[in-house]
There are 4 protein chains.
Amino acid sequence: MVMQMTYSVAVAGASGYAGGEVLRLLTAHPEVEIGALTAHSTAGTPLGAHHPHLRSLAARTLEPTTPDTLAGHDVVVLALPHGASGEIAAQLDPETLVLDLGADHRLVSAADWEEFYGSPHAGTWAYGLPELMLAGADGVARQREHLARARRIAVPGCNVTAVTLGLQPGISAGVVDPTDIVAVLANGYSGAGKSLAPHLTAAEALGSAQAYAVGGRHRHIPEIMQNLRAAGAGDVTLSFTPTLVPMARGILATATARLTDPTLSDDEVRQAWVDAYVAEPFVELLPSGPDGAQWPTTAMTTGANVALVQVAVDRRVGRVVTVTALDNLVKGTAGAAVQSMNIALGLPQELGLTTQGVAP
Amino acid sequence: MVMQMTYSVAVAGASGYAGGEVLRLLTAHPEVEIGALTAHSTAGTPLGAHHPHLRSLAARTLEPTTPDTLAGHDVVVLALPHGASGEIAAQLDPETLVLDLGADHRLVSAADWEEFYGSPHAGTWAYGLPELMLAGADGVARQREHLARARRIAVPGCNVTAVTLGLQPGISAGVVDPTDIVAVLANGYSGAGKSLAPHLTAAEALGSAQAYAVGGRHRHIPEIMQNLRAAGAGDVTLSFTPTLVPMARGILATATARLTDPTLSDDEVRQAWVDAYVAEPFVELLPSGPDGAQWPTTAMTTGANVALVQVAVDRRVGRVVTVTALDNLVKGTAGAAVQSMNIALGLPQELGLTTQGVAP
Amino acid sequence: MVMQMTYSVAVAGASGYAGGEVLRLLTAHPEVEIGALTAHSTAGTPLGAHHPHLRSLAARTLEPTTPDTLAGHDVVVLALPHGASGEIAAQLDPETLVLDLGADHRLVSAADWEEFYGSPHAGTWAYGLPELMLAGADGVARQREHLARARRIAVPGCNVTAVTLGLQPGISAGVVDPTDIVAVLANGYSGAGKSLAPHLTAAEALGSAQAYAVGGRHRHIPEIMQNLRAAGAGDVTLSFTPTLVPMARGILATATARLTDPTLSDDEVRQAWVDAYVAEPFVELLPSGPDGAQWPTTAMTTGANVALVQVAVDRRVGRVVTVTALDNLVKGTAGAAVQSMNIALGLPQELGLTTQGVAP
Amino acid sequence: MVMQMTYSVAVAGASGYAGGEVLRLLTAHPEVEIGALTAHSTAGTPLGAHHPHLRSLAARTLEPTTPDTLAGHDVVVLALPHGASGEIAAQLDPETLVLDLGADHRLVSAADWEEFYGSPHAGTWAYGLPELMLAGADGVARQREHLARARRIAVPGCNVTAVTLGLQPGISAGVVDPTDIVAVLANGYSGAGKSLAPHLTAAEALGSAQAYAVGGRHRHIPEIMQNLRAAGAGDVTLSFTPTLVPMARGILATATARLTDPTLSDDEVRQAWVDAYVAEPFVELLPSGPDGAQWPTTAMTTGANVALVQVAVDRRVGRVVTVTALDNLVKGTAGAAVQSMNIALGLPQELGLTTQGVAP
């Protein structure tokens, strides 16, 4: 006899891109039953008006986001605007697993939060990046361990995941210096959510590339720094510039840091990345063959819970250059949530997730 | 006690887009074990060099496409250039289920084949469009019935599926006249395969739309006509023009035909489409609400085995206008193959397939 | 001694796409001085905030759109929302040349206006499509003649120009039958203007195609029919469906009509198009060489005041298929305005205009 | 009496993108007559087969690229593959103005050439970046001075121009340190020319971003370093990574360098950029208003001979971040050639060039 356990999952903020992507993944999850779908201004409308690509849920009606509608589920996913999750989370059963896709509970430092978000800090939850390397006296641990049985999980920012996964192996192994990191990202437009703004219209975006939040103003900066410090960096200095390019999904993060020791061979440097990800199902260092290394593209990751990484050493400048591709809505958001949920529930972390991208 | 049957599937032509998409779907299929992957000029190279998005298969090596490498599988999928499947298929075990993604075995009429393809006809196989409506003395049947226990299946062309599914309800019900059909399609570039040609380069494609095969020259025309005749049309006259637009995947087919009877109400017309698809899991008529009908977009179908249809009556011109969206590589090719395979093997047709698109 | 005449031109609605494109063209016009630039809600802001690509005008400040700010110019271009130009035009000097880029003054039939726009008709102005063929007792004339010395000109809709130019040669020559025309268009997003709506965002548009105004609801329909009647059609029946595809600019119009006489040879049919455009500088029938006809793409026309046309006969269905490409903002809007302005002012119609597209 | 001088210009390599763009600009140049158009493998075909967007030249036939066909012109533009211009240039009249769009004659250091291009160095020509700042004992000069009356001009690489223009003001003024520069670029696909390669197809490019030449391997690196040294840098260390993003044209270059003195105010830093470009017609520092700086996008520059620059100081990391947008085919290639030609011929440098982009 097989006893099958099914978990009920509610999604608050179901009409947005992040909420929709969580639902797309959950419909493929064998141990999940989708519960209440809630929204704020669109409550009362059918989900299919917002996510017509989710055929099996199109006829479901959005309920208002309240503690009542969210109560009684095993899992609640909060896909709300930044600043909105603290209050609602406080009213949910402490035994309910709550995953926050917003930024509210990611940062450890209240001062960082207040500087970048300009509001009081809602507190810090277990951080939902299972592959995060944690430097410690007994060697490197993984953040995964802190997610088992967690009941409050803060899912990382999409840019954060891309830059962290690209650089952490070198920092953890001590082969790169975290004091002068530069990261520049090519970002798809779904990362901006469903907001209506002139620079997010199709006419402006098609055929164009544009930088934003230039000069150290992006809110993901303190979160990346926090991760790199966890991986073993002391002081972190990070120049971070995202650029919007004409694609709906995807992040291609180019991140570079100086070698700590210029006499390290290419193979010695590369070994840090090999070791970091050889056992990880959702982060992969692409092959480096005799014809040259294979470099990630965002299309390879579309729809998949995977981050693909490649690394090169630029001897002339004494820097390591890493390129990381991921789907901002999957490994960057909703896939990270499902993966963290699996871990917190004691399920295999791969359940319901795929590493196969939809390409071309 | 549950006895689980697993079917081994070989894919010939695995380095192309159609072969890759079959593999993407099969890795999610619970009853399939992926067997030999074969290719012609790229035999000996790793699959990951051609489909780096298929992470779980990236290290697999392509074998040469020969009867030997394909032998011993329960299922063989042929994703070969037009004209290449006849010879290889003849050397496969008659009890093996063979699905041909090429055009070779789709047409009933050898004369049509010779006119449009310019080579001898390889013969006609069971046609892999389960939802095809078949007019008959006892009412409407479905092509699905002819696929059960079939061992040779010709998977339809992607444009063919889009136009057929858009129009067949009206033809089957007798509400539209098949003698002056016009179809114009917006097509993504993956439909052209991996061929290297100037007009298929990114620089030429980005920011541009281009028609091709204008004037009745496209090879999918006789196949569409064959389907519409099967659905009940007598004479079929079809003007068909595809246009390449800057997207990687997707077909948006706008097809129009005259009403047979102008006195039919909108609801009466619509009912033909409602009836045709209400019980079909992979073809859906989108809702027609008080705020107006919801029209399909190709993004709704990306990666999904689904065709979405909407229909309107243009009273001024006495025509029905239908718009059908599908993913050319899924419901248009590889998903149709897997769905047909399921039926032929006696499995539930939905196995391993999803209707949820990857959007935005 | 050369006396150079310079005309002052004001642009009302300068912050929108149509207004901006008029300005882009006027800065290259040798006989024009750009006068007042006016706007409604954005009055008081610099033009560079709305059109940062117009470097030479970026520092100019937008004034309010009033009769006073527009007074005293030789030419006023109205790039206003539909319905807004009638009132302002009535307050401008009758001797001022006024070009309306909106729809208000295009239609001859007040009933058509009221049916499609739902407001009182503002009256009919000289129609700014110089190449429009006019059937008459003395043979074919051109609309150009009616623009000389005109002081009120209604610039055509962009889709209208594409479909009219594609089909009018065959109608004028009597080789095609106007009673069952079907036109399907691939449209770039700038045609929708700067409005903020969910389906016009980059995230929704990228990688997708979507139809709109399906079923005979698009407001350009009566205008196309009016043109084709002018060219010699009696009754016109037109099925018209636009589709948005992921490009910023451009229209690719596929339009088909039945041959009046199936015994006409391909050359006889083609001759109608040759004759229609051989002397036109801004409309060109692409070559039909021994290797096959060259088909227009929208990229060929980007930024240029040109419409490119190709035609084929589909013998199986007895239809002519035409494909017309143009830039919706240039030959479809602002270029047509400048060309009409040149004619009205007695200048060479080519002044300040180019037929060279910005491609790739 | 006005005596108008007209210069005859031949273009070798006219069927490629760079050659085509030179022709597009020259057709708008008031003092130029277009002479021989030559090509290698496509000689004998009409230009319209390769550049159908250049309507006025479409019927011209390509001649073979030989000293004979190029002889007798005032100006010869060489748009040839790297390595091909040295031999042909040696056979042209020394009094003929020759502009090389290839890399052959850009580098001063033969060793750099041999390291990055792997062939013997063809020699160094006057460098066609008029705005290049030249540090000297008597203050800053401009490269423009060296172009007056030059008869051999090497036009810069497109990426080179973008990074040089972004950073040179800070280097020339001594406010940024050139020893740890990082530049990451978003590049349109036309920069890769017309080569047919799998990663340059539309199906692969659409919806994806990909890095290339990662790790200090791009051939533009020594040329950028050469320019920054000319502007006053001693040692230059440059990490340079280009990424292909789904647009046909455009470069968005994000380049960052450390402040030499952290106590410099934002205004003091910015002043270096203000001073550098206030008098330049083709390079513009975008405004920095009370609502925040305006950041360049590539669409602002499409088709225009303009580079748009913005700069920010990131205090946390002690770095200046600059973003530069330009059209790789115009200010990055063909516009630079025409501008340099104008200067060499003693014409106003603006002749035939526009700063107005084709946007959206």
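Residues numbered from 1 in each chain as written. Chains lettered and ligands numbered in written order. Predicted model: local features only at pLDDT ≥ 70, side-chain atom pairs only at ≥ 80, totals over all residues. Heavy atoms only, no water.

1. Topic: the overall build of chain A
We count it as follows: Only DSSP runs of H or I with at least four residues qualify as helices, and only runs of E with at least two residues qualify as strands; both kinds are numbered from the N terminus onward. As defined in this context, the radius of gyration uses C-alpha atoms, and a globule is described by 2.2 Å times the residue total to the power 0.38. For every residue, the accessible area obtained with a 1.4 Å probe (protein chains only) is divided by the maximum for its type, and the residue is called buried under 20%, exposed over 50%, and partly exposed between those limits. It only takes one pair of heavy atoms within 4.5 Å for two residues to be counted as in contact. All accessible-area figures derive from a Shrake-Rupley calculation using a 1.4 Å probe, and residue coverage is judged against the displayed protein chains alone. We treat Lys and Arg as the positive residues and Asp and Glu as the negative residues; His and chain ends play no part in the count. By convention, the point assigned to a charge is CZ for Arg, NZ for Lys, CD for Glu and CG for Asp.
Secondary structure assignment for chain A yields ten helices and 18 strands. Compactness check: chain A gives a C-alpha radius of gyration of 20 Å against a globular reference of 21 Å for 360 residues, within 12% of the reference. Over its C-alpha atoms, taken along the principal directions, chain A stretches across nearly 60 × 55 × 45 Å. A burial count over chain A gives 66% of its 360 residues as buried. Long-range contacts, defined as pairs at least 24 residues apart, comprise 72% of the intrachain contacts of chain A with a sequence gap of at least 6. Here chain A has roughly 11800 Å² of accessible surface; of this, 53% comes from carbon and sulfur atoms. A gap of 4 Å separates the mean positions of the 20 positive and 33 negative side-chain charges of chain A.

2. Brief notes about the interface of chain B and chain D
Interfaces are often sized by the amount of accessible area the parts lose when they come together. What counts, and what does not: Once two parts are brought into contact, the accessible area they lose, counted with a 1.4 Å probe and summed over both, makes up the buried area. The working definition used for a salt bridge is a side-chain nitrogen of Lys or Arg within 4 Å of a carboxyl oxygen of Asp or Glu. Under the rule applied, a polar contact is a pair of N or O atoms within 3.5 Å (in protein, one hydrogen donor and one hydrogen acceptor; residues adjacent in sequence only if both atoms are side-chain atoms). By the convention adopted, Pro, Cys, Tyr, Trp, Phe, Met, Ile, Leu, Val and Ala count as nonpolar, Lys, Arg, Asp and Glu as charged, and the other residues, Gly among them, as polar.
With 16 residues of chain B in contact, the opposing surface of chain D contributes 16 residues. Both faces combined, the contact of chain B with chain D buries some 1300 Å², and carbon together with sulfur accounts for 73% of it. Looking at the side of chain B facing chain D, the largest losses of area belong to Leu196(B), Ala203(B) and Leu206(B), adding up to 42% of the total buried there. Along the contact surface separating chain B from chain D lie zero salt bridges. Taken together, the links from chain B to chain D amount to four residue pairs in polar contact (both at pLDDT 80 or more). Per-element accounting of the side of chain B that touches chain D gives the leading share, four residues, to helix H7 (residues 202-205) of chain B. Grouping the amino acids of the side of chain B that touches chain D by side-chain chemistry returns 13 nonpolar, two polar and one charged.

3. A closer look at the relation of the copies chain D and chain A
Definition in use: Alignment of copies: least-squares fit on C-alpha atoms of residues with pLDDT of at least 70 in both copies.
Structural alignment of chain D on chain A gives an RMSD of 0.0 Å, achieved by rotating through 180° and translating 0.0 Å along the axis. Such a combination of rotation and displacement between the chain copies is what one expects of a two-fold axis. Looking at chain D, 100% of its interface residues are interface residues in chain A too, so the copies touch through the same face.

4. Focus on the packing of aromatic side chains
Short version of the rule: Each Phe, Tyr or Trp ring (for Trp, its six-membered ring) is paired with any other whose centre lies within 6.5 Å, and the angle between the two planes then decides the class: stacked below 30 degrees, edge-to-face above 60, tilted in between. Criterion for a charge above a ring: Lys NZ or Arg CZ within 6 Å of the ring centre, and within 35 degrees of the ring normal.
A full pass over the atoms with the stated rule returns four aromatic pairs over all chains. Pairing Trp113(A) with Tyr117(A) gives two aromatic rings, centres 3.9 Å apart and planes at 10°, and the pair type is stacked. Of this pair, Trp113(A) and Tyr117(A) both sit in helix H4 (residues 110-117), four residues apart, which is roughly one turn of that helix. Per residue, the accessibility class of Trp113(A) equals that of Tyr117(A), and both read buried. Just above the ring of Trp125(B) sits the side chain of Arg152(B); from NZ or CZ to the centre is 5.8 Å.

5. Here's the deal with unusual backbone geometry
Residues Ala359(A) and Pro360(A) are joined by a peptide bond in cis, for which omega reads 0°. Among the secondary structure elements, Pro360(A) is positioned in the segment after helix H10 (330-345). For Arg149(C), which is not a glycine, the phi torsion comes out positive at approximately 65°. Considering the arrangement of structural elements, one finds Arg149(C) in the loop between helix H5 (144-147) and strand E9 (152-154). The phi dihedral of Ala213(C) is positive, around 50°, even though this residue is not glycine. If you trace the backbone, Ala213(C) turns up in the loop between strand E11 (210-211) and helix H8 (221-230). Assessed through its relative accessible area of 15%, Ala213(C) is described here as buried.

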